[in-house]
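Overview (structure and organization)
Chain by chain, the residues run as shown.
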Number of protein chains: 2
Amino acid sequence: MIGAGNIAFNLGNALYRKGFQIVQVYNRSIFSAEELAFKLRCEATNNLNDIRKDADLYIIAVSDSALPLLANELNLDSKLVVHTSGTSSMDVLHPISSNIGVFYPLQTFTKDKLLKFKQIPILLEANSTENEDILLEIAGTISNDVRFHTSEERRIAHLAAVFACNFTNYMYAVAESILEENGMEFNLLYPLIRRTAKKIKRNDPRSIQTGPAVRNDQITIEKHLQLLNNNPEIKELYKILSNSIQEHSLEFNIKKKL
Amino acid sequence: MIGAGNIAFNLGNALYRKGFQIVQVYNRSIFSAEELAFKLRCEATNNLNDIRKDADLYIIAVSDSALPLLANELNLDSKLVVHTSGTSSMDVLHPISSNIGVFYPLQTFTKDKLLKFKQIPILLEANSTENEDILLEIAGTISNDVRFHTSEERRIAHLAAVFACNFTNYMYAVAESILEENGMEFNLLYPLIRRTAKKIKRNDPRSIQTGPAVRNDQITIEKHLQLLNNNPEIKELYKILSNSIQEHSLEFNIKKKL
């Protein structure tokens, strides 16, 4: 396991629990390497030259910016090497080995909460059908949802994930700020947030869009904008999002009728 | 029960299941009135003059635009009358009765899925402590989370809910469009969406903001913007949201350190 961040912690743990032996953790900071290695009952190193040559699979779970740098310093001949990134193409691994692939779990991870992988989609790519088969077998051990996608498609999935996760969390953050500024508690919104996330499993989100913007309720929109007068940045955001929903509204209506 | 929309269906059902007798459903369209009345085993009417005068509580669950119109046509003397709106002030009910209040369940409702109210926050307001007590008792029967808030605070909660629900759903809709345009399935994002919604129960959303914007990953942002070249509206939205996150990033960092 090369890297000891959020993905490395979660993926390493998931593999370890399914009986895979993790032989070594490499990380630039030895502290994190040791922290993960301790969990996975294996050795740790922060020296690239000490990376063992006898593993069956090398998982590189580092940031997209670190990936090309690492690729230029590491040579593993014909060992199977994968990265775990949604954005980086598979080709970035070419300098490292002749057998390469991608093992991208589409989820948001943190170290302090190790997730179960059963339902997490794992997007695979490999440079040969043989390597595809190996990755499919490993991924299938930890997840019920394994899919093959090209680097280009994976990048699209990652872009969509930015909206569904990062920007969504930002909406939560803005909601909390608004409540906090007015001395109200964010937990007021927990059931609403959970329900909103749940609804889309049974309905196309475009068909269930609600709120003042989609129903062209200009009176409520104006009231909301007034409430945001002392917060011009959020006010602007409210306007832009409402406009964007309204420009799309035809599409929403069509979808509703289908 | 005055109104037979999504809130009326859900609230009526929740009260009925707890043993409250709903005596009548009024709705402008008799079809919807009868549909709900059938569920609540009571009579239906679409004639304002036929509204019974012997109920203990009148719940007006109509749209914000219909509320003032209705208030001008309806007179219920000193009967206790509440509306269920997040945006409208309690005062809009003054023409109807001398005993008024608000009974606002903070959730997104649909007719086809009747929700349990146990965890749904109900925001109450009334024009006397006596009326407050009556509403508290009723609300407490169906929900464990009853809070008193002024009309102004309720409006703030509703504004925050637009971000946490309507705008969030719009993020899901955009994510789905992006995937669909590229022949990929939206269900790829279900676990991510669920997890993102779950995380904020244990963490301030500002402290767990992730993604290219908050970590100033300009390379990934540029790649994403390129992928959106044939979709200028969504591209603009991506830019604006990323900028907004970056302008807030100091605040995010401070929160992380606390």
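This text follows the structure it describes.
Sequence order as written defines the numbering, with residues in each chain counted from 1. Whichever chain is written first is A, and whichever ligand is written first is 1; the rest continue in order. Predicted model: local features are reported for residues with pLDDT of at least 70 only, side-chain atom pairs are reported and counted for 80 or more only, and whole-chain, interface and lining totals are derived from all residues. Side-chain calculation: all heavy atoms of the structure are included, whereas hydrogens and water are not.

Considerations on the overall build of chain A
Strands here are runs of E lasting at least two residues and helices are runs of H or I lasting at least four, both read from the DSSP assignment and numbered beginning at the N terminus. Scanning chain A for helices and strands turns up nine helices and seven strands. Each principal axis of the C-alpha atoms in chain A carries an extent, and together these give about 70 × 45 × 30 Å. Per-residue burial over chain A gives 57% buried out of 258 residues. Should any heavy atoms of two residues lie within 4.5 Å, those residues are counted as being in contact. Here the analysis covers contacts within chain A between residues at least 6 apart in sequence; of these, 49% occur between residues at least 24 apart. Surface exposure here means Shrake-Rupley accessible area, sampled with a 1.4 Å probe, where a residue is shielded only by the protein chains that are shown. Working note: accessible area of chain A is about 11,400 Å², and carbon and sulfur atoms make up 48% of it. Relative accessibility thresholds used throughout: buried, under 20% of the residue-type maximum; exposed, over 50%; partly exposed, between the two (1.4 Å probe, protein chains only).

Some thoughts on helix α2 (residues 30-39) of chain B
Residue and element names in this part refer to chain B. Looking only at α2, the buried set comprises Ser32, Ala33, Leu36 and Ala37. Along the long axis of α2, the arc covered by the buried residues comes to 130°, so they all point the same way. Of the exposed residues in α2, the ones pointing more than 90 degrees away from its buried face are Phe31 and Phe38. Summarising the contacts, the buried residues of α2 are in contact with α1 (6-17), β1 (24-26) and β2 (43-45). Of the residues flanking the end of α2, it is arginine 41, one or two places downstream, whose phi is positive at about 50°. In this context, the arc is that of the directions from the helix axis out to the C-beta atoms.

Thoughts on the nonpolar core
The set of buried Ala, Val, Leu, Ile, Met, Phe, Trp, Tyr and Cys residues whose side-chain atoms join them within 4.5 Å is what this entry labels a nonpolar core. Residues Phe163 and Leu189 of chain A together with Phe163 and Leu189 of chain B are the most contacted members of the largest nonpolar core, which totals 119 residues. Non-local contacts of leucine 189 of chain A, meaning those with residues more than four positions away in its chain, are made with Ala175 and Leu179 of chain A together with Leu106, Ala157, Ala160, Ala161 and Ala164 of chain B.

A closer look at the layout of surface pockets
Over the atoms a probe the size of a water molecule is rolled, and this reveals where empty space is left. A pocket here means an open set of points on a 1 Å grid, computed over the protein atoms alone, that has protein on both sides within 12 Å along at least five of seven lines. A cavity is instead a set of points where a 1.4 Å probe fits but cannot get out; residues with an atom within 4 Å of a point line either one. Grid points are joined across faces, edges and corners, and a volume is the space filled by probe spheres set on the points. Computed from the structure, the second largest pocket encloses a volume of approximately 1,300 Å³. Lining the second largest pocket we find 48 residues, and of these Ile7, Val62, Ser63 and Asp64 of chain A together with Arg215 of chain B sit closest to its centre. Among the elements that line the lining of the second largest pocket, the one with the most residues is helix α5 (residues 151-181) of chain A, at five residues.

Points about the relation of the copies chain B and chain A
Note on the chain copies: they are related by a rotation about an axis and a translation along it. For the pair chain B and chain A, the relating rotation is 180°, the translation along its axis is 0.0 Å, and the fit reaches an RMSD of 0.0 Å. Such values leave the two copies arranged in the relation of a two-fold axis. Minimal C-alpha distance to the rotation axis in chain B is attained by threonine 168 of chain B, lying at 2.7 Å. To superpose the copies, least squares is applied to the C-alpha atoms of every residue with a pLDDT of at least 70 in both.

Focus on the sheet that holds strand β3 (residues 57-60) of chain B
Residue and element names in this part refer to chain B. Spatially, β3-β4-β5-β6-β7 is the arrangement adopted by the five strands of the open sheet, whose pairing is mixed. Every interior strand has two partners, whereas the edge strands, β3 and β7 (146-148), have only one. On average, adjacent strands in this sheet sit at an angle of 25° to one another, irrespective of strand direction. Strands qualify as paired when DSSP identifies two bridges or more between them. The axes are straight lines fitted to the C-alpha atoms, using for helices just the contacting stretch, and the angles between their N-to-C directions are given from 0 to 180°.

A look at the pairing of strand β4 (residues 80-83) of chain A
Residue and element names in this part refer to chain A. Side-chain alternation along β4 places Leu80 and Val82 on one buried face and Val81 and His83 on a second face that is also buried. Where strand β3 (residues 57-60) meets β4, four bridges bridge the pair, whose relative direction is parallel. Looking at the pairing, isoleucine 59 lines up with valine 82 of β4. Note on handedness: a clockwise path from strand one over the helix to strand two, with the strands aimed away from the viewer, defines a right-handed crossover. Each parallel crossover has a hand, and for β3 linked through helix α3 (residues 66-73) to β4 it is right-handed.

With respect to the sheet that holds β4 of chain A
Residue and element names in this part refer to chain A. As summarised here, the arrangement of the five strands in space is β3-β4-β5-β6-β7, forming an open sheet in which the pairing is mixed. The two strands at the open ends of the sheet, each matched to only one other strand, are β3 and β7 (146-148). Between one strand and the next, the sheet's axes are offset by a mean angle of 25°, whatever the strand orientation.

Let's talk about the packing of α5 of chain A against helix α6 (residues 190-199) of chain B
Geometrically, a packed helix pair is captured by the angle between its two axes and the distance between the axes. Following both chains from N to C, one finds α5 of chain A and α6 of chain B inclined at 15°, their axes separated by 10 Å at the closest point. Accordingly, the angle class assigned to the pair α5 of chain A and α6 of chain B is roughly parallel. The two elements α5 of chain A and α6 of chain B cross, and the hand of that crossing is right-handed. In this structure, α5 of chain A contributes Ala161, Ala164, Cys165, Thr168, Asn169 and Tyr172 of chain A to the contact, and α6 of chain B contributes Leu192, Ile193, Thr196 and Ala197 of chain B. Taken together, the residues of the contact of α5 of chain A with α6 of chain B sort by class into seven nonpolar, three polar and no charged. Here the word oblique covers every angle except those under 35 degrees (roughly parallel), over 145 (roughly antiparallel) and from 65 to 115 (roughly perpendicular). For a crossing to be left-handed, the near helix must be turned anticlockwise from the far one by less than a right angle; the clockwise case is right-handed. Side-chain classes follow a simple rule in which Ala, Val, Leu, Ile, Met, Phe, Trp, Tyr, Cys and Pro form the nonpolar group, Asp, Glu, Lys and Arg form the charged group, and the remainder, Gly included, forms the polar group.

A short note on the pattern of salt bridges
Whenever a carboxyl oxygen of Asp or Glu lies within 4 Å of a side-chain nitrogen of Lys or Arg, that contact is scored as a salt bridge. Tallied over the entire structure, the rule returns 22 salt bridges over all chains. Between aspartate 204 of chain A and arginine 206 of chain A there is a salt bridge whose closest N-O contact spans 3.1 Å. Here the residues in one salt-bridge network are Glu176 and Glu180 of chain A together with Asp204 and Arg206 of chain B, joined through shared partners.

Looking at the packing of helix α1 (residues 6-17) of chain A against helix α2 (residues 30-39) of chain A
Residue and element names in this part refer to chain A. Packing of α1 against α2 brings their axes to within 10 Å, and their N-to-C directions diverge by 20°. Comparing the axis directions of α1 and α2 gives the class roughly parallel. For the pair α1 and α2, the sense of crossing is right-handed. Counting all contacts with α1, which are made through Ala8, Phe9 and Tyr16, the residues of α2 involved are Ser32, Glu35, Leu36 and Lys39.

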